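# Geometric and topological summary
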Amino acid sequence: MSVTTQLEPTLAFLDTRAPPSTRNFRPDASIVLIGCRGSGKRSIGFIGATHLGRRLITEDHYFFEATGISRGAFFQQYGSQEFQKKSFELLKRMLEGNRIGCVIECGMGSLSVPAQKVLLEFCNTNPVIYVTRESEQIRSLLRLGEEEAARLETADLAHRNCSNLEYFNLFDTSCDGTETPPENGIGNVSSRLKYAKEDFSSFLDFLTGQGVIRSGFESPFSINALPPEMRSYTYALSLRLSTIPALDLMELEAGADAVQLKIDTWSPDMQRVIGKQVATIRRNLGVPIMFQVEDYAFDNTHLSIEEKEHAYFGLMEHGLRLAVEYILVDLKYSSDLISRLVRSSGRTRVIGHHLHREENSWGWDDESRMIQYRRAKSLGCDMVRFVRATSKPQDNDTVREFLNRIESMPDHLPVIAYNVGEHGRPSLIANRIFTPVTHPVMQTTVSKSQIRQFLPTAAEARQARYEIHALDPLHFYHLGASVFYSLSPAMHTAAYQVCGMKNDFQSLKVESLEEIQQLCQDPNFGGAAITQPFKVQILSRISAKSYHAKAIGAANTLLPLRTLSNGKSWDQNTQTLLRHANQRGKAGPIFAYYGDNTDFIGIQTCLRRNLSPRNAIQHSKTTGLVIGAGGMARAAIYAMIQMGCRKVFIYNRTVENAENVARHFNSWAAGLSIDGEIVTVLKSRDVAWPSGYRQPTMIASCVPARSVGNQAPANFEMPMQWLGSPTGGVVVELAYLPLDTPLLKQIRRVREETKQAWVIVNGLEVLPEQAIAQFELMTGRKAPKRRMRFEVLQNHYRYEE
Ligand SMILES: O=C1C[C@@](O)(C(=O)O)C[C@@H](O)[C@@H]1O
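Residues numbered from 1 in each chain as written. Predicted model: local features only at pLDDT ≥ 70, side-chain atom pairs only at ≥ 80, totals over all residues. Heavy atoms only, no water.

### Some words on the pairing of strand E15 (residues 504–509)
- As paired strands, strand E14 (residues 475–480) and E15 are joined by six bridges and run parallel to one another. Each bridged residue has a counterpart across the sheet, and for Tyr 477 the counterpart in E15 is Gln 506.
- In this fold, E14 hands off to helix H18 (residues 488–499), which returns the chain to E15; that crossover is right-handed. (Pairing = 2+ DSSP bridges. Helix = DSSP H or I, 4+ residues; strand = E, 2+ residues; numbered from the N terminus. Right-handed = clockwise from strand over helix to strand, strands pointing away.)

Written out as structure tokens, the structure is:
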């Protein structure tokens with residue numbers, strides 16, 4: 001094959017058309033899914049519609065509704081020509097009639113040429129996502145022979161040209177039974193597609209732009225509230241595409257804020273490889289991706305300069321299709337090509353990249369760099385990155401001067417600037433945005449690149465900031481009346497160690513709010529996990545609360561508010577709170593507190609993960625049931641409401657406490673103009689399930705399974721008349737001492753007897769999820785989730801009687 005024919009897929013695309021769309025869609029634009037049979041579009045569509053609360057339209061169903069017969073039957077009855085005509089007509093109508101508010105799954109109709117034209121046009125206004133997955137998986141799912149599979153794959157490629165986005169539907173280990181159940185030995189009907197749910201939901205959050213906007217307003221200390229380039233000192237783990245297969249990406253979590261994915265090899269058909277690795281990084285590390293195509297990717301290709309340029313921009317287009325969060329474009333390319341890329345970048349932020357290799361120029365004083373900065377800005381780049389390969393230590397001093405020059409300009413762009421090479425480290429440590437870092441695992445298992453051997457790890461970079469007192473060691477606590485058995489210290493301490501933080505975390509038994517306040521006045525106080533009986537009471541000592549803590553009426557996370565570096569104290573303004581969030585990690589006098597709630601996040605994460613498609617939430621029909629009336633019960637009710645459930649029942653031994661909780665939520669809901677009573681009390685265990693309501697499919701038990709103080713253990717078992725859901729549901733047990741509570745034993749029994757699909761989530765599954773969110777609130781850094789979950793499993797046996 002000649003070089004030119006090899007290049008065709010990339011070149012043809014770039015040369016003959018304008019970018020397929022600007023990828024700027026209105027947030028409610030309908031999302032269209034296309035792809036071959038077996039790619040998983042239907043499940044993905046279902047996940048997407050549930051996540052966004054939209055209507056799911058499938059082409060097959062639409063066809064059936066319109067014609068009264070299935071596509072197959074229509075084909076049989078009217079022949080191929082008539083079928084093609086009808087199919088096209090209906091596809092067009094389905095798309096054009098549903099431009100907003102839906103998730104649309106296209107079936108086989110999208111393979112015809114006229115349909116692809118319509119889809120291409122749709123790309124101008126709507127996300128059209130090509131869903132693809134591992135060829136072997138499609139083959140085995142559809143039981144195809146080699147030839148048939150090859151034919152399908154070739155036909156499927158046409159989908160790439162009539163879509164503007166691409167989603168690689170990574171194999172989900174929660175579906176094949178190879179995964180150890182999370183509840184370590186208690187036995188479960190494991191939920192399927194739990195990773196796919198998380199992956200595709202975050203893909204959509206990015207596309208619709210909902211994530212950041214919502215977080216900033218609702219919880220200003222959440223790490224999603226500010227894009228990484230606006231946070232202080234962020235790290236980008238540098239990964240080369242070709243080395244990923246040799247790595248266990250799960251091992252690489254270490255407090256990096258992004259992954260810098262360097263495309264270091266090239267072949268004309270590598271889209272699938274890149275798609276798969278982008279999906280793998282997302283699933284394992286869950287941080288934004290910075291996509292960069294290296295010049296040396298083309299070293300062994302014998303391409304001409306022009307062909308390299310085409311291949312480079314072909315890969316960049318592919319990065320945009322995968323909706324990477326950041327894309328780096330080399331400023332050496334022509335202004336035309338760069339602005340074309342910027343125009344089609346949608347929500348992806350474009351970083352103009354400028355690399356200087358020469359040793360003998362004027363260091364960072366060189367005017368050419370300012371020229372490049374201005375050019376990048378005028379071309380519409382969102383950020384600029386300057387990298388200088390140097391062997392002169394004095395170059396580190398001039399980086400700061402260069403940055404000062406830029407930062408003194410009005411409306412300047414965020415700028416990344418550092419030296420690489422033997423003497424580059426001080427400038428890497430001083431750089432504020434996306435400092436490239438490596439990981440200890442890569443230093444040993446993957447051959448070192450010349451530059452990588454001089455890169456710090458995220459932990460080292462952070463430690464260096466402690467040395468110059470830019471960060472202070474802080475004290476964190478777990479505070480409550482009976483905290484002797486908490487697993488929080490183990491989880492948080494392990495996470496500090498992984499991330500190179502010099503904090504400590506201890507559990508302390510406290511008797512009163514005064515005692516809490518006294519402890520938390522220390523200038524080195526970093527934050528506290530608050531537990532019973534203080535979750536509700538603590539609100540009286542908190543000046544600023546997240547939207548969630550306010551709505552729940554309880555906080556489990558207490559954070560200090562200190563004087564800001566600009567001398568200002570605080571006000572309720574979100575912008576001011578974001579500034580406080582950006583000062584995390586520094587000690588100083590405390591004058592007020594901020595409260596948030598992560599219990600609801602833990603519960604919601606577990607409910608979402610484990611709710612089967614048959615029990616997907618329907619506003620008007622789904623009901624929830626919460627046992628208990630403490631802070632955790634409030635969080636459980638809120639989690640269910642946040643997921644779209646509009647009717648939650650509550651039962652508690654002391655009815656009056658349940659009534660207080662119900663009153664709280666009902667007046668909150670009235671303020672949001674939600675009609676009717678959202679929370680209703682079940683007054684006794686003997687009452688029948690209220691008529692007119694479906695049986696609950698989401699249940700959370702928030703009562704201790706052991707005795708607390710002089711209270712007897714709840715030993716709660718569910719009245720059988722409340723367990724009548726024919727489709728089962730999810731039961732979340734919040735207690736984890738003992739792990740196998742009377743309720744869980746009962747649910748397993750019921751499951752055996754009735755064969756109803758009840759999924760059990762035990763306390764050890766929720767606990768790390770709330771702690772992960774809490775660590776992120778407390779430190780502003782991505783939590784090492786795997787490590788925190790591992791600590792729970794390692795340590796809980798110590799507390800079992
Ligand atoms: O309720 C809990 C559990 C917990 O108190 C623990 O036991 O570690 C930690 C709190 O953050 C959380 O809200």
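### Some words on the site of the ligand
- The ligand sits among 13 residues. The nearest are His 478, Ser 486, Ser 488, Lys 535 and Asp 599.
- Between the ligand and Lys 535, the relevant distance is 2.7 Å, taken from an oxygen atom to a side-chain nitrogen or oxygen of the residue.
- The side chain of Gln 774 places a nitrogen or oxygen atom 3.2 Å from an oxygen atom of the ligand.
- For the ligand, whose unbound accessible area comes to 320 Å², protein coverage reaches 92%.
- When residues of the shell around the ligand are assigned to their parent elements, the largest contribution, three residues, is made by helix H26 (residues 763–779).
- Its residues assigned to classes, the shell around the ligand comprises four nonpolar, seven polar and two charged.
- Each of domain 3 (475–599) and domain 4 (601–770) gives at least three residues to the shell around the ligand. (Near = heavy atom within 4 Å. Polar contact = N/O pair within 3.5 Å; in protein donor to acceptor, adjacent residues only side chain to side chain. Areas by Shrake-Rupley, 256 points an atom, 1.4 Å probe, with all protein chains shown as cover. Nonpolar A, V, L, I, M, F, W, Y, C, P; charged D, E, K, R; others polar. Domains from an automatic or database assignment.)

### Things to note about the packing of helix H23 (residues 631–642) against helix H24 (residues 655–671)
- At a closest axis distance of 11 Å, the pairing of H23 and H24 adopts a crossing angle of 35°. The crossing of H23 and H24 is right-handed. On H24, the residues that touch Arg 634, Ile 637, Tyr 638 and Ile 641 of H23 are Val 661, His 664, Phe 665 and Trp 668.
- Classifying every residue of the contact of H23 with H24 by side-chain character gives six nonpolar, one polar and one charged. (Axes fitted to C-alpha atoms, helices over the stretch in contact; angles between N-to-C directions. Left-handed = near helix turned anticlockwise from the far one by under 90°. Contact = heavy atoms within 4.5 Å.)

### Describing the domain arrangement of the chain
- In terms of domains, the chain is made up of domain 1 (31–200), domain 2 (234–456), domain 3 (475–599) and domain 4 (601–770).
- Once you take the C-alpha centre of each, domain 3 and domain 4 turn out to be 28 Å apart.
- The interface is formed by 21 residues belonging to domain 3 together with 21 residues belonging to domain 4.
- Considering only the surface of domain 3 that becomes buried against domain 4, Tyr 485, Ile 552 and Asp 599 emerge as the three largest contributors, covering 33% of it.
- Taken together, domain 3 and domain 4 are joined by zero salt bridges.
- Of all the secondary structure elements, the ones that give two or more residues to the side of domain 3 that touches domain 4 are H18 and helix H20 (547–552).
- Ranked by the residues each element gives to the side of domain 3 that touches domain 4, the list is headed by H20, at five residues.
- Classifying every residue of the side of domain 3 that touches domain 4 by side-chain character gives nine nonpolar, nine polar and three charged. (Buried area = accessible area lost by both parts, 1.4 Å probe. Salt bridge = Lys/Arg side-chain N within 4 Å of Asp/Glu carboxyl O.)

### Some remarks on the sheet that holds strand E19 (residues 590–596)
- The strand order E15-E14-E16-E18-E19-E17 describes an open sheet built from six strands, whose pairing is mixed. Either end of the sheet is taken by a strand with one partner, and the two such strands are E15 and strand E17 (544–545).
- Both strand E16 (residues 525–530) and strand E18 (residues 557–562) contribute to a ladder of two bridges, which runs antiparallel. Looking at the pairing, Ala 529 lines up with Thr 557 of E18.

### Some points on empty space enclosed by the protein
- Throughout the structure, instances matching the rule amount to eight cavities of 30 Å³ or more.
- Taken as a whole, the second largest cavity spans an internal volume of roughly 130 Å³.
- If you go around the second largest cavity, you meet 13 residues; those closest to its centre are Pro 560, Arg 562, His 580, Gln 583 and Arg 584.
- Taken together, the residues that form the lining of the second largest cavity break down as six nonpolar, four polar and three charged. (1 Å grid on protein atoms, 1.4 Å probe; cavity = no way out; pocket = protein on both sides within 12 Å on 5 of 7 lines; lining within 4 Å. Points joined across faces, edges and corners; volume = space filled by probe spheres on them.)

### As for the UniProt feature "domain: Quinate/shikimate 5-dehydrogenase/glutamyl-tRNA reductase" (unreviewed entry) in the chain
- Per the UniProt record, the feature "domain: Quinate/shikimate 5-dehydrogenase/glutamyl-tRNA reductase" (unreviewed entry) sits at residues 619–688.
- Across residues 619–688, the secondary structure splits into 41% helix and 16% strand, with the terminal C-alpha atoms separated by 22 Å. (UniProt positions renumbered as here; feature names shortened; annotations may be inferred.)

### Some remarks on the packing of aromatic side chains
- Using the criterion set out here, one finds 28 aromatic pairs in the structure.
- An angle of 75° between the planes, with centres 5.0 Å apart, marks the rings of Phe 600 and Tyr 638 as edge-to-face. Placement of Phe 600 in helix H22 (residues 599–610) and of Tyr 638 in helix H23 is noted, with a sequence separation of 38 residues between them.
- Centroid distance Phe 665 to Trp 668: 6.2 Å. Interplanar angle 90°. Geometry classified as edge-to-face. Of this pair, Phe 665 and Trp 668 both sit in helix H24, three residues apart, roughly one helical turn. For the pair shown, Phe 665 and Trp 668 are each scored as buried.
- Each member of the aromatic cluster is reached from another via a ring pair, and the members are Phe 649, Tyr 651, Trp 689, Tyr 693, Phe 716 and Trp 722. (Phe/Tyr/Trp six-rings, centres within 6.5 Å; stacked < 30°, edge-to-face > 60°. Buried < 20%, exposed > 50% of the residue type's maximum accessible area, 1.4 Å probe, protein only.)

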